[in-house]
Amino acid sequence: MKPIKVGLLGLGTVGTGVVRIVEGHQEDLASQVGSPIQIGKVLVKDVSKSRSIHVPDHLLTENAWDIIDDPEIDVVVEVMGGIEPTKEYIMEALDRGKHVVTANKDLIALHGREIKAKAKEKRCDVFYEASVAGGIPIIRTLMEGFSSDRITKIMGIVNGTTNYILSKMSQEGAGYEEVLQEAQQLGYAEADPTSDVEGLDAARKMAILATLGFHADVSLEDVEVRGISRIKKEDIAFAKKLGYEMKLLGIAERQDDQISVVVQPTMVSTAHPLASVNGVFNAVYVYGEAVGETMFYGPGAGEMPTATSIVADLVAVIKNMKLGVNGQRALTPYKEKKLKSDEQIAYKNFILLHVEDKAGVLAQITQVFAEYDVSLDSVVQQPNPNNPDAEIIIITHYASRANMNKVFEHFEQLSVIKSIKSAYRVEG
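Predicted, not measured: the structure shown is a model, and the values here were computed from it.

(A) Up close: the domain arrangement of the protein. Domain parsing of the protein yields domain 1 (4-134 + 303-323), domain 2 (138-299) and domain 3 (346-426). A separation of 28 Å is found between the C-alpha centroids of domain 1 and domain 2. On the side of domain 2, 13 residues touch domain 1, which itself brings 16 residues to the contact. Together domain 1 and domain 2 conceal approximately 1400 Å² of surface at their shared face, both sides included; 64% is due to carbon and sulfur atoms. It is Glu129, Val132 and Ala133 in domain 1 that bury the most area against domain 2; as a group they hold 37% of the surface buried on that side. The interface formed by domain 1 and domain 2 holds 5 salt bridges in total. Ionic pairing is found between Arg113 and Asp217, a salt bridge with its closest N-O pair at 3.3 Å. The interface formed by domain 1 and domain 2 contains 7 residue pairs in polar contact (both at pLDDT 80 or more).

Right under this line is the structure:
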């Protein structure tokens, strides 16, 4: 029986995991797809480098075109990352009729439409399950499991680095810089953690999920992003005192075909399942009109979880090859993208104010909220021995972003308010 040959672009952590699964699960994989799967060639930076897994020397190459131009290779698995030359390699592989499996969230978020169009033209598959949430099969779930439903909201923890940092800050009462340094030492955070801690990594993933869930072409520029680098341990302490956990959430919502997508630190009620997702784990909450609420939880990164998603895509590609239906699964956005205005985006808010400690201050503050039609859920005033000012904690009911912006602008002009110390979205 003729084997299906796979070309692997990259042999880092995830690429090594792919080789381990393909080589170690031959019997199981062959029983699913009806033929052996064989690693045909592997692109590496240095063929002489020692590796944790044995790959025969004749399979290694430092030239990507040895894979792209090889007529015997049926599927290209891309795990090298980056935008260029990765995009060129993928487009050229598709041009030659090769199917593509990738874990590259940046590439899909930025150039997914162009890549999918090329795949459709060439009747090829492009699958990218591993680009979001590692080992959680969320993309396949959105495309297939929810195909009969209408998704109204996707909300989740999709970056393990930030979740690890916030979990440690919550559990140990530690400061941001201290925990970030620890995360870097453990390898959970990069030497330059900007993409993770400023929310860019999560934003790319949310653009992908919103595009699939809402069938509209949501781009990275459509995602409002705020990271965790300004969160103080005092913010997390206040959240815990009020019954919330701080999480960096990606939230994509649709109402009457109008969409909003944000990534921002959010206070999540401890009664909500997302509040108990700790460490480097990911979780995605999906709301469907028919099914209601569903949650998907698992490891968001790592060699074997990510490799598992890649090989699952590989199996799907080969099954399509056997059926002769490659290139037919790619769902191109068919709805017009309509973004919500600030008047249409509404949520509960947590606000911490430092104010003058004198009579009548609270009345002035509540009057501002009333002026802009923002109702209040709770108001707590407490002394702080380290601060001569009074601290007022306010949680609003659902209020439009436009009205909240007016409230904050008014607060800036109010002499009794010394500072708006913190402001966060509240969920659950």
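(B) The packing of helix α4 (residues 86-95) against helix α5 (residues 105-121), seen in detail. Where α4 meets α5, the closest approach of the two axes is 10 Å, and the angle between their N-to-C directions is 15 degrees. The angle between α4 and α5 falls in the class roughly parallel. In the crossing of α4 with α5, the sense of the turn from one axis to the other is right-handed. Contacts between α4 and α5 involve Thr86, Lys87, Ile90, Met91, Leu94 and Asp95 from the first element and Leu107, His111, Glu114, Ile115, Lys118 and Ala119 from the second. For the contact of α4 with α5, the class distribution of residues is 6 nonpolar, 2 polar and 4 charged.

(C) Focus on a nonpolar patch on the surface. A contiguous nonpolar surface patch, about 270 Å² in accessible area, is contributed by Phe281, Met295 and Tyr297. Tracing the sequence through the fold places Tyr297 in strand β12 (residues 292-299). By relative accessible area, which is 47% here, Tyr297 ends up partly exposed.

(D) Structural detail: the pattern of salt bridges. Evaluated as defined, the whole model comprises 30 salt bridges. Between Glu92 and Arg96 there is a salt bridge, and its shortest N-O distance comes to 2.6 Å. By relative accessible area, which is 25% here, Glu92 ends up partly exposed. Each of the salt bridges in this network shares a partner with another, and the network as a whole consists of Asp95, Lys118, Glu121 and Lys122.

(E) A look at the nonpolar core. Formed by 77 residues in total, the largest nonpolar core has its most connected members in Ile138, Ile139, Leu142, Ile165 and Phe350. The element that contributes the greatest number of residues to this core is helix α10 (residues 200-214), accounting for 9 residues. The contact partners of Ile138, leaving out residues within four places of it in the chain, are Glu129, Val132, Ala133, Leu209, Val284, Val286 and Phe296. Listed in part, the 32 residues of the second largest apolar core include Ile21, Ile37, Ala307 and Val317.

(F) Quick peek at the pairing of strand β4 (residues 73-78). For β4, a buried count of 6 out of 6 residues is recorded, marking the element as mostly surrounded by other parts of the structure. Here 5 bridges tie strand β1 (residues 4-9) to β4, and the two strands are oriented parallel to one another. Paired with Leu8 across the two strands is Val77, which belongs to β4. Direction of pairing for β4 relative to strand β5 (residues 99-102): parallel, over a ladder of 4 bridges. Bridging from a neighbouring strand, Val76 pairs with Val100 of β5.

(G) View of the UniProt feature "binding site: NADP(+)" (unreviewed entry) in the protein. According to UniProt, the feature "binding site: NADP(+)" (unreviewed entry) maps to Leu9, Gly10, Leu11, Gly12, Thr13, Val14, Gly15 and Thr16 in the numbering used here. One can find Gly12 in the loop between β1 and α1 (13-24). On the basis of relative accessible area, Thr13 is assigned to the exposed category, the value being 52%.

(H) Spatial organisation of the side chain of Asn282. If you trace the backbone, Asn282 turns up in strand β11 (residues 281-288). Setting aside its immediate chain neighbours within four residues, Asn282 contacts Ala133, Ile136, Ile157, Val158, Asn159, Gly160, Val277, Phe296, Tyr297, Gly298 and Gly300.

(I) Highlighting helix α14 (residues 401-413). For α14, with 13 residues, the first-to-last C-alpha span of 19 Å sits near the 18 Å given by 1.5 Å per residue. Taken together, the buried positions of α14 are Arg401, Ala402, Asn403, Met404, Val407 and Phe411.

(J) Up close: the packing of helix α7 (residues 160-172) against helix α11 (residues 233-241). As a packed pair, α7 and α11 sit with axes 9 Å apart at the nearest point and diverge in direction by 70 degrees. Here α7 is positioned roughly perpendicular relative to α11, judged by the angle of their axes. Between α7 and α11 lies a crossing of right-handed hand. Residue-level inspection shows Leu166, Met169 and Ser170 of α7 in contact with α11, the latter providing Lys233, Ile236 and Lys240. Here the contact of α7 with α11 is composed, by residue class, of 3 nonpolar, 1 polar and 2 charged.

Cut-offs and rules
Counting restarts for each chain: residues are numbered from 1 in the order of the written sequence. Where local features are concerned, this predicted model is filtered to residues with pLDDT of at least 70; where side-chain atom pairs are given and counted, the filter is 80 or more; whole-chain, interface and lining totals use all residues. The side-chain quantities take in all heavy atoms of the structure and omit both hydrogens and water. What marks off one domain from the next here is an automatic or database domain assignment. Any pair of residues with heavy atoms lying within 4.5 Å of one another is described as a contacting pair. Two parts placed together each lose some accessible area under a 1.4 Å probe, and the buried area is that loss summed for both. Here, a salt bridge means any side-chain nitrogen of Lys or Arg that lies within 4 Å of a carboxyl oxygen of Asp or Glu. As used in this structure description, the phrase polar contact means that two N or O atoms lie within 3.5 Å; if the pair is within protein, one of them must be able to donate a hydrogen and the other to accept it, and residues adjacent in sequence are counted only when both atoms belong to side chains. Each axis is a line fitted through C-alpha atoms, and for a helix only the stretch in contact is used; angles between axes span 0 to 180 degrees, taken between their N-to-C directions. Only runs of H or I of at least four residues qualify as helices and only runs of E of at least two qualify as strands under DSSP, and these elements are numbered from the N terminus. An angle below 35 degrees is read as roughly parallel, one above 145 as roughly antiparallel, one from 65 to 115 as roughly perpendicular, and any other as oblique. By the definition used in this description, the sense in which the near helix is turned from the far one sets the handedness, with an anticlockwise turn below a right angle giving left-handed and a clockwise turn giving right-handed. Note on residue categories: nonpolar means Ala, Val, Leu, Ile, Met, Phe, Trp, Tyr, Cys or Pro, charged means Asp, Glu, Lys or Arg, and polar means any other residue, Gly included. Nonpolar side chains (Val, Leu, Ile, Met, Phe, Trp, Tyr) within 5 Å and like charges within 9 Å form the patches, drawn only from residues with over 30% relative accessible area and no salt bridge. All accessibility values rest on the Shrake-Rupley procedure with a 1.4 Å probe; residue burial counts only the protein chains present in the view. Buried, partly exposed and exposed residues are distinguished by accessible area as a fraction of the type maximum, computed with a 1.4 Å probe on protein chains only: under 20%, between the cut-offs, and over 50%, respectively. Residues enter a nonpolar core if they are buried and are Ala, Val, Leu, Ile, Met, Phe, Trp, Tyr or Cys, with the set joined through side-chain atoms within 4.5 Å. Only strands joined by at least two bridges in the DSSP assignment are considered to pair. UniProt positions are given in the numbering used here, feature names are shortened, and annotations may be inferred rather than shown by experiment. The span you would expect from a helix comes to 1.5 Å times its residue count less one.

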